[in-house]
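# Analysis of the macromolecular model
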Amino acid sequence: MGTLQVNTDKDSLDIGLIHHFLSTEAYWSRGIPRATVERAIAGSLCFGGYIDGRQVAFARVVTDGATFAYLADVFVLPEHRGQGHSKTLVTAVMAHPQLQGLRRFMLATADAHSLYEKFGFATSARPERLMEILHRDLYTQAAGSTVAIP
């Protein structure tokens, strides 16, 4: 297998591939509409991972570029896992100039703690201070309704 090349050029992203993975394979975003993926990409710093010009990995960061960032939608296609590509991708994210000197960098994961711990991520020191609004099944519920969600 080839070496993963990572860049932040949104014009290089395979939106169809990203949407397909997020809507059908990712546990956190099943059923997500393509328009929602497109809006998320437009409002984020995105990282595409490519082997021989074909996209096989993706990550995006929501950030103000000064104090805060949230790492989201990180994936490597199943047939390319186990080759160190996730480390290469997250290394590129963490080295990006716009993401240096941030006070807080967050993410949520159900199964990749050991990957992110290598980059300094840890369980929140004060989880009692964190709050969220979570609409767990938003995309799958919306797909069954006739009401358009903006």
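Just above, that's the structure.
Computed from a predicted model, the values in this text were never measured in an experiment.

Reading guide: rules and limits
Residues numbered from 1 in each chain as written. Predicted model: local features only at pLDDT ≥ 70, side-chain atom pairs only at ≥ 80, totals over all residues. Heavy atoms only, no water. Helix = DSSP H or I, 4+ residues; strand = E, 2+ residues; numbered from the N terminus. Rg over C-alpha atoms; globule rule 2.2 N^0.38 Å. Buried < 20%, exposed > 50% of the residue type's maximum accessible area, 1.4 Å probe, protein only. Pairing = 2+ DSSP bridges. Axes fitted to C-alpha atoms, helices over the stretch in contact; angles between N-to-C directions. Polar contact = N/O pair within 3.5 Å; in protein donor to acceptor, adjacent residues only side chain to side chain. Contact = heavy atoms within 4.5 Å.

## Structural notes on the overall build of the chain
Looking only at helices and strands, the chain has five helices and five strands in total. The secondary structure elements of the chain, listed N-terminal to C-terminal, are β-α-α-β-β-β-α-β-α-α. What you see for the chain is a C-alpha radius of gyration of 16 Å, in line with the 15 Å of a compact globule of 150 residues. C-alpha atoms of the chain, sized along the principal axes, occupy 45 × 45 × 25 Å. Counting over 150 residues, the chain shows a buried share of 35%.

## Focus: the sheet that holds strand S2 (residues 45-51)
Here five strands make up an open sheet; going across it, the order is S1-S2-S3-S4-S5 and the pairing mixed. Among the strands making up the open sheet, the edge pair consists of strand S1 (5-7) and strand S5 (104-107). Taking each pair of neighbouring strands and ignoring which way they run, the sheet shows an average axis angle of 20 degrees. Sheet analysis places S1 next to S2, joined by three bridges and oriented antiparallel. Within S2, the residue paired with Asn-7 across the bridge is Gly-48.

## Thoughts on the side chain of His-96
By the secondary structure assignment, His-96 is in the loop between helix H3 (85-95) and S5. A distance of 3.0 Å separates the side chain of His-96 from the backbone nitrogen of Gln-98, its partner in a polar contact. Setting aside residues up to four positions removed in sequence, His-96 forms contacts with Thr-8, Leu-45 and Phe-47.

## Here's the deal with the side chain of Ser-23
When you line up the elements, Ser-23 lands in helix H1 (residues 15-24). Relative accessible area serves as the criterion here: at 14%, Ser-23 is assigned to the buried category. Only 2.8 Å separates the side chain of Ser-23 from the backbone oxygen of His-19, close enough to count as a polar contact. In this structure, Ser-23 is in contact with Ser-29, Arg-30, Gly-31 and Ile-32, ignoring residues within four places of it in sequence.

## Focus on the pairing of strand S3 (residues 54-63)
Of all ten residues making up S3, seven are buried, and the element is well covered by its neighbours. From the end of S2 to the start of S3, which pair antiparallel, there are two residues, and Asp-52 there has a positive phi angle of about 50 degrees. The pairing of S3 with strand S4 (residues 68-76) spans six bridges and is classified as antiparallel. When the sheet's bridge partners are listed, Ala-57 is paired in S4 with Val-76. Joining the antiparallel neighbours S3 and S4 is a turn of four residues, in which Gly-65 adopts a positive phi near 75 degrees.

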